[in-house]
Structure formats: structure tokens, C-alpha cells
Amino acid sequence: MNPAGTTASGTAGARPPAAQPLTVSQPYLIQQNWDDYSEEQHAVWAELVRRRMPQLREHAAEEYLNGFEQIGLREDTIPNLADVNRRLGPRTGWNATPVSGFLPPDAFFEMLGARQFPTTTYIRSRESMEYTPEPDIFHDVFGHVPMHAHPVFADFLQHYGRVSATLMHDKDKLERMGRLFWFTVEFGVIRQKGKIRLYGSGLISSHGEGTHVIEGRPEIRDFNLDQILDQQFLVSEEQKVLYAVESFDQIYEAAQEAEKRLC
Ligand SMILES: [Fe+2]
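Asks: Let's hear about the environment of Gln250: which residues, and what values?
Replies: Within the secondary structure, Gln250 is located in helix H11 (residues 249-262). Separated by 208 residues in the primary sequence, Gln250 and His42 place their C-alpha atoms 37 Å from one another. With residues up to four places along the chain from it excluded, the contact list for Gln250 reads Phe223 and Val245. Of the polar contacts made by the side chain of Gln250, one reaches the backbone nitrogen of Glu246; its length is 2.5 Å.

See below:
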């Protein structure tokens, strides 16, 4: 079964860009102003990408690497989001939408529900190449956006946003849904050709976190929604437990199942 019944397998031109107006998130929307990036900022992007790609070519999920090519990311310059969206929009209807920084949960979920990924435009400085507490364009675009070109992942992420938006009144349920996001979108791994491969943005965009997984340090469990909804995690430490899917259909089905249980 193709759970992504509303897409046509990502065929170019299959889905027009989302048209829903954003209301809650409106105050956070900005322009990218790509021409204002300095040579130094492009050089930081290039260094970050060059550092990650050798490991990712061997250890990232095929879907991530395909998405990287499909949306036209380059190793030498910070992406122009308008160019990314010209390629991404016709594939899955997703857009990388520039925002001013962290969003409150209701604004974040509204954007996901509208297939608009909140994307920071700032890039970290050379002094914080390995880790930045604030999200930046390297984490958001290099780490997240290539997966949005995959039709099943694309449908999963929108559904996740829509379900979470209905749970705003219930802190406990929202926290449980947040764990599904953490162990998929941020720290997800998949088994492909007998190996663990990375697809979560926290693993893709961090050399330390990616290496930690490749060296076999976290316990890798089979994907299990019940366990994930109960699994505590610490944002500030390397992850001790991760959950591996066999295919992205599993996370789509998990979001459907979570909706049944929590809504
Ligand atoms: Fe992230």
C-alpha cells in the first residue's frame, strides 16, 4: 500500500504549492536577502558541507542523498531558498519558508500543516562549526529539507503538524507527539542494505552526532511507536537510544496511529 495516497509518487508537477494562508506564524515570516551573505558566510557553508559529505555519502539514507540532488543544494554556496522551492514545490508541495528564529509551537505546527518548513536564514560563525544552540540555515536546509522531496516523508511531516496542532491544549499529549518528531525527523535512522543509515536532521547536520551513531554507540531499537511516545530524551547530550525504521511507510503509519491514540 502506498500510504501517501494523496501524492503521485513525487512526480514533478503532481502537486501545486500549498496555498493555505498562514495566520499564527505570519509575524515570524521574513525574506532571505540572499545577496547580503558575505563570502565568509558562503565559506562557512562550504566548509560545513565538505566536512559532512564523505560520511553521508556512505552512511546517509538513499532518500536524503537523492533529495539533496533533487532540490539542487550546492557544496560551495548557501542555498537561495527561492531556487530550492522552485525544485521542491512541484515534487511534494513543500516549501522552505524563511523565518526569524525559533517559533512557538502553534506557529510551528501551522506551518508544517501547510507544507511550509520554517527555515532560518542565519548561518553559524566559524567559532561554532560543530554546534549551535539556535537553529541555522545549515541545520534547517542541509539537515532537514532534502527529506521533504520524498513523498511519503512529505506526507508524514504535514500530518504530524496537523495532529500536533489539535493537541495544543494538552501538554502531556503534545510532549508525547514531540517524541515522535525527535526520534524520526531529528534523530531518525533507517535500515538499508543491512546497514543503519541516517536521515534525521540532527544526525545529518552534526558531525559529532553522526559519528556517534556510525561508531555504534547508541542502542538501536526496532521502530516502536509505544516505546517512542514514552521515551524520554535529553536535547543536550548524545543520544543513548535510537529507533530504526525499515521504510518510511512506518513513520507515516505511526503518525496516523498516534492521531488515533492521542486525539
Ligand atoms: Fe531540526
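Here the narrative resumes, following the displayed structure.
Asks: Summarise the coordination of the iron ion; cite the residues concerned and give the values.
Replies: Each donor-metal-donor angle in an ideal tetrahedron of four donors is 109.5 degrees, and each such angle in an ideal octahedron of six donors is either 90 or 180 degrees. All of the protein donors around the iron ion are His139 (NE2), His144 (NE2), Glu186 (OE) and Glu186 (OE); their distances to the metal are 2.0 to 2.8 Å. With 4 donor atoms in place around the iron ion and angles of 52 to 141° between them, the coordination shape is irregular. Coordination of the iron ion draws on donor residues from a single chain, spaced H-x4-H-x41-E in sequence. Accessibility assignment for this pair places His139 and His144 in one class, buried.

Asks: Which residues make up the sheet that holds strand S6 (residues 241-245), and what values do they have?
Replies: Strand order in this open sheet of 4 strands is S4-S3-S6-S5, and the pairing throughout is mixed. The strands lining the two open edges of the sheet, one partner per strand, are strand S4 (195-198) and strand S5 (219-222). Neighbouring strand axes in the sheet, compared pairwise and without regard to direction, differ in orientation by 40° on average. Pairing of strand S3 (residues 189-192) with S6 involves 2 bridges; the strand directions are parallel.

Asks: Which residues make up the pattern of salt bridges, and what values do they have?
Replies: In a structure, side chains of opposite charge can pair up when their charged atoms sit close to one another. Under the criterion given, the structure shown has 20 salt bridges. Close ionic contact of Asp83 with Arg86 constitutes a salt bridge, the shortest N to O distance being 2.4 Å. One end of the pair is Asp83 and the other is Arg86, both in helix H3 (residues 81-92) and 3 residues apart, which spans about a single turn. Arg86 sits in the exposed class, given a relative accessible area of 57%. Note that Asp136 and Arg124 form a salt bridge whose closest N and O atoms lie 2.7 Å from each other. Here Arg124 lies in the loop between strand S2 (116-119) and helix H5 (137-144) and Asp136 lies in the loop between S2 and H5, a separation of 12 residues in the sequence. A relative accessible area of 0% means that Asp136 is categorised as buried.

Asks: Tell me about helix H7 (residues 171-186), and please be specific about residues and values.
Replies: Turning to H7, its buried residues number three or more, namely Leu174, Met177, Arg179, Leu180, Phe181, Trp182, Phe183, Thr184, Val185 and Glu186. In this structure Asp170 caps H7, since a side-chain oxygen of it lies 3.2 Å from the backbone nitrogen of Asp172.

Asks: Could you give me a rundown of the side chain of Arg179, with the residues and numbers involved?
Replies: Tracing the chain through its elements places Arg179 in helix H7. Polar side-chain contacts of Arg179 include one of 2.6 Å to the backbone oxygen of Leu229. Here Arg179 is in contact with Ile228, Leu229, Asp230, Gln231, Gln232 and Phe233, once residues within four sequence places are set aside.

Asks: Lay out the environment of Pro104 in plain terms, naming residues and giving numbers.
Replies: For Pro104, the location among the structural elements is in the loop between strand S1 (95-98) and helix H4 (105-113). Classification of Pro104 as partly exposed rests on a relative accessible area of 28%.

Asks: Lay out the packing of helix H1 (residues 39-59) against helix H9 (residues 207-214) with the relevant residues and their values.
Replies: For the pair H1 and H9, the least separation of the axes is 11 Å and the interaxial angle reads 30°. The orientation of H1 with respect to H9, classified from their angle, is roughly parallel. Every pair of crossing elements has a handedness; the one defined by H1 and H9 is left-handed. Mapping the contact onto sequence places Arg51, Arg52, Gln55 and His59 in H1 and His207, Gly210, Thr211 and Ile214 in H9. Looking at the contact of H1 with H9, its residues break down into 1 nonpolar, 5 polar and 2 charged.

Asks: For H1, give the residues involved together with the corresponding values.
Replies: The first and last C-alpha atoms of H1 sit 30 Å apart over 21 residues, in line with the 30 Å expected at 1.5 Å per residue. When the local axis directions of H1 are compared, the greatest deviation, roughly 40°, occurs at Met53, which is followed within four positions by the proline Pro54. Taken as a whole, H1 has its buried residues at His42, Val44, Trp45, Ala46, Leu48, Val49, Arg52, Met53, Gln55, Leu56 and His59. Buried positions along H1 lie against helix H2 (62-70), H5, S4, helix H8 (201-204) and H9.

Asks: Break down the environment of Gln256 for me, with residues and values.
Replies: With respect to the helices and strands, Gln256 occurs in helix H11. Along the backbone, Gln256 and Leu198 are 58 residues apart, and their C-alpha atoms lie at a distance of 23 Å. In this structure the side chain of Gln256 is engaged in a polar contact, spanning 3.1 Å, whose partner is the side chain of Tyr252.

The rules behind these values
- Residue positions are given per chain, counting from 1 as you read along its sequence in written order.
- Local features are withheld for residues below a pLDDT of 70 in this predicted model, meaning they are given only at 70 or higher, and side-chain atom pairs are given and counted only at 80 or more; totals for whole chains, interfaces and linings count all residues.
- Side-chain figures throughout are based on the complete set of non-hydrogen atoms in the structure, without hydrogens or water.
- Counting from the N terminus, the helices are DSSP H or I runs at least four residues long and the strands are E runs at least two residues long.
- Contact criterion: two residues are considered in contact whenever any of their non-hydrogen atoms come within 4.5 Å of each other.
- The term polar contact refers here to a pair of N or O atoms within 3.5 Å; inside protein, the definition further demands a hydrogen-donor-capable atom paired with an acceptor-capable atom, and it admits residues adjacent in sequence only when both atoms are side-chain atoms.
- Coordination here is defined by N, O and S atoms within 2.8 Å of the metal (3.2 Å for Na, K and Ca), and since water is not considered, a site can look incomplete.
- Only two sets of limits are used to name each site, 85 to 135 degrees for every angle of a tetrahedral four-donor site, and over 155 degrees for opposite donors with all other angles from 65 to 115 for a square planar four-donor or octahedral six-donor site, with any other site named irregular.
- Only protein chains enter the accessibility calculation, which uses a 1.4 Å probe; a residue is then buried when its area is under 20% of its type maximum, exposed when over 50%, and partly exposed in between.
- Two strands are counted as paired when DSSP detects at least two bridges linking them.
- Every angle, taken between N-to-C directions, lies between 0 and 180 degrees, and every axis is a line fitted to C-alpha atoms, over only the stretch in contact when it is a helix.
- A carboxyl oxygen of Asp or Glu within 4 Å of a side-chain nitrogen of Lys or Arg is what we treat as a salt bridge.
- By the definition adopted for this analysis, an angle is roughly parallel if under 35 degrees, roughly antiparallel if over 145, roughly perpendicular if from 65 to 115, and oblique otherwise.
- Crossing handedness follows the turn of the near helix against the far one: under a right angle anticlockwise gives a left-handed crossing, and clockwise gives a right-handed one.
- Gly falls in the polar group here, along with every residue not listed as nonpolar (Ala, Val, Leu, Ile, Met, Phe, Trp, Tyr, Cys, Pro) or charged (Asp, Glu, Lys, Arg).
- For a helix, the expected span equals 1.5 Å multiplied by the residue count minus one.
- To obtain the bend at a residue, axes are fitted to the seven residues ending there and to the seven starting there, and the angle between these axes is taken.

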